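# A structural walkthrough
One-letter residues, chain by chain:
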Amino acid sequence: MFFKRLIKNKLTVVGAVLITLMALMAILSPWLTTHDPYKMDFKQRLNPPSQDHFLGTDEYGRDVYSRIVLGSTVAMRVGFFSVSLSLILGVLLGLFSGYYGGWTDSIIMRIMDAVVTFPTLLLAIGIMAVLGPGLINLMIAIGVVYTPRFARVVRSSVLSIREKEYIEAARVTGCNNFSIIFQHILPNCWPPVIILSTINFGYAILWEAALSYLGLGAPPPTPSWGSVLSEGKDFMVIAPWLTTFPGIAIAFVVLGLNLFGDGLRDVLDPRLKE
Amino acid sequence: MRVYVIKRILTIVPVILLVSLIVFLLIHFIPGDPALVFVGEDAAPGEVERIRFEMGLDQPLYIQFGTWLAMVVRGDFGESIIYQRPVIDLIWERLPVTLSFGFFSMLISLMIAIPSGILAAANQNTYKDYFFTFIAVLGISIPGFWLALMFIFTFSLKLGWLPAIGYIPLTQDFWGGVECLILPSTAHAMLTAAIVARMLRSSMLEVLRQDFITTARGKGLPERWVIYKHALKNAFAPTLTVIGFQIGAVIGGSIIFETIFTLPGIGQMIYTAIGDRDYPVVQGCLLVIAFSFVLVNLVVDLLYSYFDPRITYER
Amino acid sequence: MKEPLLDVIELKTYFYTLAGVVRAVDGVSFHLNQGERLGIVGESGCGKSVTARPILRIVPSPPGRIVSGQINFKGECLNQLPEKKMNKIRGSKISMIYQEPMSSMNPAFTIGNQVGEVFRFHHGKNKKEAVKDVIDIMDKVGIPAPEKRVNDYPHQLSGGMLQRVVISMAIASRPEILIADEPTTALDVTIQAQILEIINNLTYDTGMSLILITHDLGVVANNVDRVIVMYSGVIVESGEVREIFKNPSHPYTQGLFNCIPRIGRQQDVLDEIAGVVPNLLNLPDGCLFAIRCPFVKEVCHHQKPVLIEVGPEHYSRCWLYSNGAK
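Residues numbered from 1 in each chain as written. Chains lettered and ligands numbered in written order. Predicted model: local features only at pLDDT ≥ 70, side-chain atom pairs only at ≥ 80, totals over all residues.

## A few points about the overall build of chain C
We count it as follows: A run of H or I in DSSP becomes a helix once it reaches four residues, and a run of E becomes a strand once it reaches two; helices and strands are each numbered from the N terminus. Here the radius of gyration uses the C-alpha set of atoms, whereas the globule reference equals 2.2 Å times the residue count to the power 0.38. In this scheme the burial state of a residue depends on its C-beta neighbours within 10 Å: 20 or more other such atoms mean buried, 12 or fewer mean exposed, and anything in between means partly exposed; the C-beta positions come from the backbone. Contact between two residues is assigned whenever their backbone-derived C-beta positions fall within 7 Å.
Counting its regular elements, chain C contains 11 helices and 12 strands. Its C-alpha atoms give chain C a radius of gyration of 21 Å, near enough to 20 Å, the size a compact globule of 326 residues would have. Viewed in the frame of its principal axes, chain C has a C-alpha envelope of about 65 × 50 × 45 Å. In chain C, buried positions account for 43% of the 326 residues. A sequence separation of at least 24 residues applies to 62% of the contacts in chain C between residues at least 6 apart.

Set out below in structure tokens:
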């Protein structure tokens, strides 16, 4: 029944297809690259797309296509680690905040509010300014920035579940707080968390691109999509393929994640069930 | 009603304090020594200590925070290390640029988003709806700066219709200024419009399922009236919250867009200041940005009660 | 015999859901005469609300659809009427009031604004003129201090008061038919009596016809002239109210009456109708009530009974009466 509803929306299916394609690209990347993504060839600098180099070459003569293929693995990693970080932190904060209420709740939520008050880019830049540039710090920064979203969503779920009778029943039969939180309340918080994870995966990839563009991301020669784009921006006039293709790749994945996440939301959101 | 307004304004205070604390701590923990930056690499040995003492950097953290807070409240954001001018003056000069960029961006954004959202909801599950939804999701899937670069490439370099860089104040030359702003504003508007349109659409869908819509139809009101009067007002309330966030996003987006399009606004200033390690400027800008965001959210919350009178009476 | 004001002929309204087709209304026919008060009775889910909505053509259109049947108002067929003409009838010739007053009013606009819409659209008044009319009509249904209420929002009023507002909105144009869909179910018993009295007075004063939909037999007793009893999307019994109360002929109707606890009678266990309402996605062959019927016969499981006259103007859909009277 769940599957049927999910498939009914054609856009969701498109999303799922896009995600699968990208995941496949990342997994099969060693076999899909035509050249060594790191190999420089100064005789082939800034070549337009050709039979040999499908998407052209960059300023160091490296094959853009292969760098983009390898970049998909970076994108997957960035998405996965950032989302995991926000998820773990956010879920824990949301659970405790929602369940215990009172001062714990006020303090945690005020902090979350303060974090949310910063435009995302600023906060990410701020955190990276403290931690220093690099891919891992980037993933931490994005993870921290998106934590409040998870916390808030989990907290609202907890608040509505907390009052239900089966929680009362559990307490009366002697379950301690910890087991109530983790065995009874947590399992019911999953739907919005899953939706949020899917969508934030996409946002993490977008932010990686933005931060790399500003020079704060993966150090060269790592071929993250953002850094390939960033390296290409100075050559817009003579070699537009350097900026165009990574952007298209990013758009594909994020589009897929968003479409699929929307579809999930349409199906999982209990308010929409008829 | 008045109670609600006052209560709401009071909740800002702890948030602002926390925000200031975060800004202060962030700046403090950035590696690098401001005193060193100030005097330069080749200063005499005692110089650095002297400057550090003068800047108050040897005091314990909480005293530094307190002094800084006291200065901020008086409107003194310190002096830029690079420009040797009061930060507040620099901010004041550049604010109009960012504001005009933001204004046009939101204007274009809403002009696109509101009709799209309504149309998509009114024609749910038809191809029109799928089309709009697809474009909207595409809008939020594209990296903003990439779109900006593509815009520059197409409209400036290839077609030569609009200038890519530079800024003319609107007060100086209105249409010339607008020309400079069209490209960045529209590029940015694409991103925010998508989010607003989606929110409006889902809001409208939810509202259209409500009983009072059936009542309105049962009264014999024409469908247009039902949608644009009855449904829209109710759907607008949650959408307003999203619009508020988008205004905040403009401020964030200004960093990238002003840098790409060479608009001398606050975003560009904060970006170069970070690179130059000009801490007072970074601090001041962060503060101004965060405060304006808080302010925007407050206005949004207060406006909310116009669209949904029920909330002023809760509790 | 004069032509009926409203004539519903073999109405079928189905809902097409992901789980299957729900036959909410499966061949229902009835008529309403001028000045008459008709009650439609049945438990939740029997299709009584869905019988009324197609009259105004406000069935939620996916997933619901009027599959077949005709609805005639004063001889004119409403099914194919263009939307513009239909709007002239809705809220003006035929009006409807609903179960939950709080959710049937728009929370974002004042009640003066919403009631005023009827005057602005159906009587061409402008905003200012409409306000006076609104105050008049609210006074008529007994709302105290209507001039102050005009600027209130729906959530500021109590349920009973708001339902009066809804009624005033419905009768503002002096409709010929008022359809009341469970108007008192969400209200306290004391308020119920008041609301029903208001509705009754309106029918007497203006000659307005009424369709009163409810699950409460007590509401039906004093407030209608004729009754239709519905079960699982079909009419199982119909007739004049006194006749039905004296001689309920269909086993379901009898069961309903038996369920009412009688004051003064010693009862340890409340009577009930055994079994549950059939799943509308999976209807049985034969009579839909067969599995719960205390008088069930073999034929009931295989063939659907038709409406048979069992008394003056009194019809029943049961195999018990296939030979005429029982």
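## A few points about the overall build of chain B
A tally of helices and strands in chain B yields 13 helices and zero strands. Starting at the N terminus and walking to the C terminus, you meet the elements of chain B as α-α-α-α-α-α-α-α-α-α-α-α-α. Expressed as lengths along the three principal axes of its C-alpha atoms, the size of chain B is roughly 85 × 60 × 35 Å. Counting only residues that meet the buried cut, chain B has 43% of its 315 residues in that class. Here the analysis covers contacts within chain B between residues at least 6 apart in sequence; of these, 70% occur between residues at least 24 apart.

## Concerning the pairing of strand β2 (residues 20-32) of chain C
Residue and element names in this part refer to chain C. Heads up, the rule is: Strands pair, by our definition, only if DSSP identifies at least two bridges between them.
Pairing geometry for strand β1 (residues 6-17) and β2, over nine bridges, is antiparallel. Residue pairing in the sheet places Y16 in a bridge with V21 of β2. The hairpin formed by β1 and β2 contains two residues between the paired strands.

## Regarding the domain arrangement of chain C
When the parts come together, some accessible area is lost, and that loss is often what is quoted as the size of the interface. Rules: Bear in mind that the domain bounds are from an automatic or database domain assignment.
Per the domain assignment, the segments of chain C are domain 1 (107-172) and domain 2 (249-321). Here the C-alpha centroids of domain 1 of chain C and domain 2 of chain C sit 43 Å apart.

## Concerning helix α10 (residues 190-213) of chain A
Residues and elements named next belong to chain A. Applied cut-off: Here, expected helix span is obtained from the residue count minus one, scaled by 1.5 Å.
The terminal C-alpha atoms of α10, which comprises 24 residues, lie 34 Å apart, in line with the 34 Å expected from a rise of 1.5 Å per residue. The buried count for α10 comes to 20 of 24 residues, which makes it a mostly enclosed element. Looking one or two residues past α10, G215 carries a phi angle of roughly 90 degrees, positive in sign.

## Looking at the nonpolar core
Defined as follows: Joined through C-beta atoms within 7 Å, a set of buried Ala, Val, Leu, Ile, Met, Phe, Trp, Tyr and Cys residues constitutes a nonpolar core.
In terms of nonpolar packing, the biggest core is built from 250 residues, with A124(A), I205(A), A210(A), C285(B), I211(C) and M230(C) touching the most fellow members. Ranked by residues supplied to this core, first place goes to helix α11 (residues 223-261) of chain B with 19 residues. Two domains each donate at least three residues to this core, and these are domain 1 (107-172) and domain 2 (249-321) of chain C. The residues contacting M230(C), other than those within four sequence positions of it, are I40(C), V41(C), G42(C), C46(C), G47(C), K48(C), I235(C) and V236(C).

## Here's the deal with the sheet that holds β2(C)
With antiparallel pairing, four strands are arranged side by side in an open sheet as β2-β1-β4-β5 (chain C). The open sheet has two free edges, formed respectively by β2 and β5 (76-77) of chain C, since each of these has just one partner strand.

## With respect to the sheet that holds strand β12 (residues 314-316) of chain C
Two pairing modes exist for strands in a sheet, parallel and antiparallel, and in both the strands are linked by backbone hydrogen bonds. Residue and element names in this part refer to chain C. This is how it is decided: An axis is simply a line fitted to the C-alpha atoms; with a helix, the fit covers only the stretch in contact. Between two such axes, the angle follows the N-to-C directions and lies from 0 to 180 degrees.
As summarised here, the arrangement of the eight strands in space is β6-β7-β8-β3-β9-β10-β12-β11, forming an open sheet in which the pairing is mixed. The sheet is open, and its two edges are formed by β6 (94-97) and β11 (308-311), each paired on a single side. Neighbour to neighbour, the strand axes of the sheet diverge by 20 degrees on average, direction disregarded. Note: strand β9 (residues 226-231) against strand β10 (residues 234-240), six bridges, orientation antiparallel. Counted as the bridge partner of R226 is E240 from β10.

## What to know about helix α5 (residues 61-73) of chain B
Because an α-helix packs 3.6 residues into every turn, residues spaced three or four apart end up facing the same way. Residue and element names in this part refer to chain B. The end-to-end C-alpha distance of α5, which contains 13 residues, comes to 18 Å, matching closely the 18 Å that a straight helix rising 1.5 Å per residue would cover. Counted residue by residue, α5 has one buried out of 13 residues, so it is predominantly exposed. Backbone geometry just after α5 places G75 at a positive phi near 85 degrees.

## Observations concerning the environment of L135(A)
Note on placement: L135(A) falls in helix α7 (residues 135-162). Here the alpha-carbon distance between L135(A) and S224(A), two residues 89 residues apart in the chain, equals 9.3 Å.

## Points about the pairing of β11(C)
Residues and elements named next belong to chain C. Inspection of the sheet shows β11 paired to β12 by three bridges, in the antiparallel sense. When the bridges of β12 are listed, E309 appears paired with Y315. Between β11 and the antiparallel strand that follows it, β12, lie two residues; E313 among them carries a positive phi value of about 55 degrees.

## Some details on the packing of helix α12 (residues 241-268) of chain A against helix α7 (residues 127-141) of chain B
The line we're drawing: Each angle is binned into one of four classes, with values under 35 degrees roughly parallel, values over 145 roughly antiparallel, values of 65 to 115 roughly perpendicular, and all other values oblique. What makes a crossing left-handed is the near helix being turned counterclockwise from the far one by less than a right angle; a clockwise turn instead makes it right-handed. Note on residue categories: nonpolar means Ala, Val, Leu, Ile, Met, Phe, Trp, Tyr, Cys or Pro, charged means Asp, Glu, Lys or Arg, and polar means any other residue, Gly included.
Look at α12(A) against α7(B): their axes get within 8 Å of each other, and the N-to-C directions meet at 125 degrees. Considered as vectors, α12(A) and α7(B) are oriented oblique to each other. In terms of crossing hand, the pair formed by α12(A) and α7(B) is right-handed. Two secondary-structure elements touch here, α12(A) through A251(A), V254(A), L255(A), N258(A), L259(A) and D262(A) and α7(B) through V137(B), L138(B), I140(B) and S141(B). Class assignment for the residues of the contact of α12(A) with α7(B) results in seven nonpolar, two polar and one charged.

## Quick look at the packing of helix α4 (residues 111-122) of chain C against helix α5 (residues 127-140) of chain C
Helix packing for two helices is described by the angle between their axes and how far apart those axes are. All names here are of chain C. α5 packs onto α4 with a crossing angle of 105 degrees between their chain directions and a minimal axis gap of 8 Å. Taken together, α4 and α5 sit at an angle that is classed as roughly perpendicular. Contact with α4, carried on its side by G112, V115, G116, F119 and R120, involves K127, A130, V131, D133, V134 and I137 of α5 and no other residues of that element. When the residues that make up the contact of α4 with α5 are grouped by side-chain class, the tally is six nonpolar, two polar and three charged.

## Let's talk about the environment of G124(C)
Residue and element names in this part refer to chain C. Positionally, G124 belongs in the loop between α4 and α5. By C-beta crowding, G124 is classed as exposed, having 9 other C-beta atoms within 10 Å. Linking G124 and E243, residues 119 residues apart in sequence, is a C-alpha distance of 45 Å.

## Notes on unusual backbone geometry
For Q84(B), which is not glycine, the phi dihedral falls at a positive 55 degrees. Within the fold, Q84(B) resides in the loop between α5 and α6 (87-122). A count of 7 C-beta atoms within 10 Å places Q84(B) in the exposed class. Phi angles above zero are rare outside glycine, and S232(C) is one such case at about 50 degrees. As for its position among the elements, S232(C) is in the loop between β9 and β10. Residue S232(C) is classed as buried on the basis of its 23 C-beta neighbours within 10 Å.

## Digging into the environment of V131(C)
Residue and element names in this part refer to chain C. Considering the arrangement of structural elements, one finds V131 in helix α5. Spatially, the C-alpha atoms of V131 and E117 are 9.8 Å apart, while their sequence positions differ by 14 residues. Ignoring any residue separated from it by four or fewer positions in sequence, one finds V131 in contact with G112, G116 and V150.

## With respect to the confidence of the model for chain C
To keep it simple, the criterion reads: In predicted models, pLDDT denotes the confidence assigned by the predictor to each residue on a 0 to 100 scale.
Averaged over chain C, the pLDDT score is 86; the fraction of residues at 70 or greater is 98%. Across the interface, the model reports ipTM at 0.83; the global pTM reads 0.79.

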